[in-house]
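# Geometric and topological summary
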Amino acid sequence: MKFAVIVFPGSNCDLDMYHAIKDELGEEVEYVWHDETDLSGFDGVLLPGGFSYGDYLRCGAISRFSNVMSEVVKAAEAGKPVLGVCNGFQVLTEAGLLPGALLRNKNLKFMCRTVGLKVINNETQFTSEYKKDEVIQIPIAHGEGNYYCDEETLARLKANNQIVFTYASENPNGSIEDIAGIVNEKGNVLGMMPHPERAANDIMGGSDGLALFKSIVKQWRESHVNHA
Amino acid sequence: MKKVKVYVTLRESVLDPQGSAVMGALHSMNYNEVTDVRIGKFLELQIEESDRDLDTAVKEMCEKLLTNTVIEDYRYEVEEVAGK
């Protein structure tokens, strides 16, 4: 399986993402600069964390208009897995690929620590290698991770089982319903504030994030065997 | 040439932690009469005459890029810029 790691000016978790895929997962991966206009050669798209365009105006607001983003939209529409982590999640909400928005953390602090995440939905292509309600340890590092959406959207997220991860004990940012990660209705676009790529090997302090990437590959292999 | 002043505010339904922190500071300075503080953004755009309708263009800019309508509201004023 071949992944693209999208690199915006100001991305800073692109190397971690690349490392997790190449060295920990053992799959193919390439960096793709935000100016690129073709993602057709890739099976999955990863939007890493960081401060794309310096978070100017709003987090993700300017990146959303990069050339590559129309290709990311196409990939999402084609049903390819698209994962946005941290700033990547912010970009996906700004681009309208995921509902809601990320606000400033309620306590106004940049939160950088490892938190417990509860796997609410393990029936997505990103979480099949986890158990339902399993609590995993994944690092967070953000100042604007306070997920917000209106009541109507929240009801829809719940009805469609789109809430994938919630903060297990302490909510670090004040997000609505303790939301840490959601998928789109089709289930092929996941946005999450915590960084699974930073928990890909015990030497990093934990490896609970690796199963997320394994889930993606498993789903991809299965669907490609079926098509063969 | 026109100058367009765009005011961006967080929607009423959205909590403004920065505003709350500023209100706390004002209260600690004994300005207890302040009952709410909301922090927003102010943008000034200089716009040349073109065949595009100004209002339509400004609304598009606001809704596509300058604000996120999930969490923000906007309003704008248009001023004539003299000398150009």
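Residues numbered from 1 in each chain as written. Chains lettered and ligands numbered in written order. Predicted model: local features only at pLDDT ≥ 70, side-chain atom pairs only at ≥ 80, totals over all residues.

Chain B has the name Phosphoribosylformylglycinamidine synthase subunit PurS in an unreviewed UniProt entry, where Psychrobacillus vulpis is given as its organism. According to UniProt, the comment filed for chain B under the heading Sequence similarities (unreviewed entry) is "Belongs to the PurS family." The record held by UniProt for chain B lists under Pathway (unreviewed entry) the comment "Purine metabolism; IMP biosynthesis via de novo pathway; 5-amino-1-(5-phospho-D-ribosyl)imidazole from N(2)-formyl-N(1)-(5-phospho-D-ribosyl)glycinamide: step 1/2." (UniProt positions renumbered as here; feature names shortened; annotations may be inferred.)

In the annotation of an unreviewed UniProt entry, chain A is listed under the name Phosphoribosylformylglycinamidine synthase subunit PurQ and assigned to Psychrobacillus vulpis. Per UniProt, the comment on chain A under Subunit (unreviewed entry) is "Part of the FGAM synthase complex composed of 1 PurL, 1 PurQ and 2 PurS subunits." According to the UniProt record, the Subcellular location (unreviewed entry) comment for chain A reads "Cytoplasm".

## Let's talk about helix H1 (residues 17-28) of chain B
With 12 residues, H1(B) extends 17 Å between its outermost C-alpha atoms, agreeing within 8% with the 16 Å of an ideal straight helix rising 1.5 Å per residue. A positive phi of about 75 degrees marks B:Asn30, the residue just after H1(B). (Helix = DSSP H or I, 4+ residues; strand = E, 2+ residues; numbered from the N terminus. Expected span 1.5 Å × (residues − 1).)

## Regarding the sheet that holds strand E10 (residues 179-183) of chain A
All names here are of chain A. Reading across the sheet, the 9 strands line up as E2-E1-E3-E4-E11-E10-E9-E6-E7 and stay open at both edges, with mixed pairing between neighbours. Strand pairing shows two members of the sheet lacking a second neighbour, strand E2 (28-33) and strand E7 (135-142), which therefore form its edges. Averaged over all neighbouring strand pairs, the angle between strand axes comes to 25 degrees, with direction disregarded. Relative to strand E9 (residues 163-167), strand E6 (residues 111-119) runs antiparallel, the two being bridged by 3 bridges. Residue Leu117 lies in a different strand from E9, and its bridge partner there is Tyr167. (Pairing = 2+ DSSP bridges. Axes fitted to C-alpha atoms, helices over the stretch in contact; angles between N-to-C directions.)

## Here we look at the nonpolar core
Ranked by internal contacts, the top residues of the largest apolar core, which has 74 residues, are A:Ala4, A:Val5, A:Ile6, A:Val45, A:Leu46 and A:Val72. Setting aside its immediate chain neighbours within four residues, A:Val5 contacts A:Asp14, A:Met17, A:Tyr18, A:Val29, A:Tyr31, A:Val32, A:Leu46 and A:Pro48. (Core = buried A, V, L, I, M, F, W, Y, C linked by C-beta atoms within 7 Å. Buried ≥ 20, exposed ≤ 12 C-beta atoms within 10 Å, placed from the backbone. Contact = placed C-beta atoms within 7 Å.)

## Some remarks on helix H1 (residues 14-25) of chain A
All names here are of chain A. Its 12 residues place the ends of H1 15 Å apart at the C-alpha level, agreeing with the 16 Å of an ideal helix rising 1.5 Å per residue. For H1, every residue scored as buried is listed here: Asp14, Met17, Ala20, Ile21 and Leu25. Angularly, the buried residues of H1 cover 130 degrees about the axis, an arc narrow enough to put them on a single face. A positive backbone phi angle near 75 degrees is found at Gly26, which sits one or two residues after H1. (Arc of directions from axis to C-beta.)

## Observations concerning the interface of chain B and chain A
In this complex, chain B contributes 8 residues to the contact, which on the side of chain A involves 10 residues. Tallying contributions element by element places H1(B) first for the side of chain B that touches chain A, with 3 residues.

## Regarding the pairing of strand E1 (residues 2-10) of chain B
Residues and elements named next belong to chain B. In this structure, E1 lies alongside strand E2 (residues 41-47), joined through 7 bridges in antiparallel fashion. In the strand pairing of E2, Val8 is matched with Lys41. One ladder, built from 9 bridges, connects E1 with strand E3 (residues 72-80); its direction is antiparallel. Following the sheet pairing, Lys3 is matched in E3 by Glu79.

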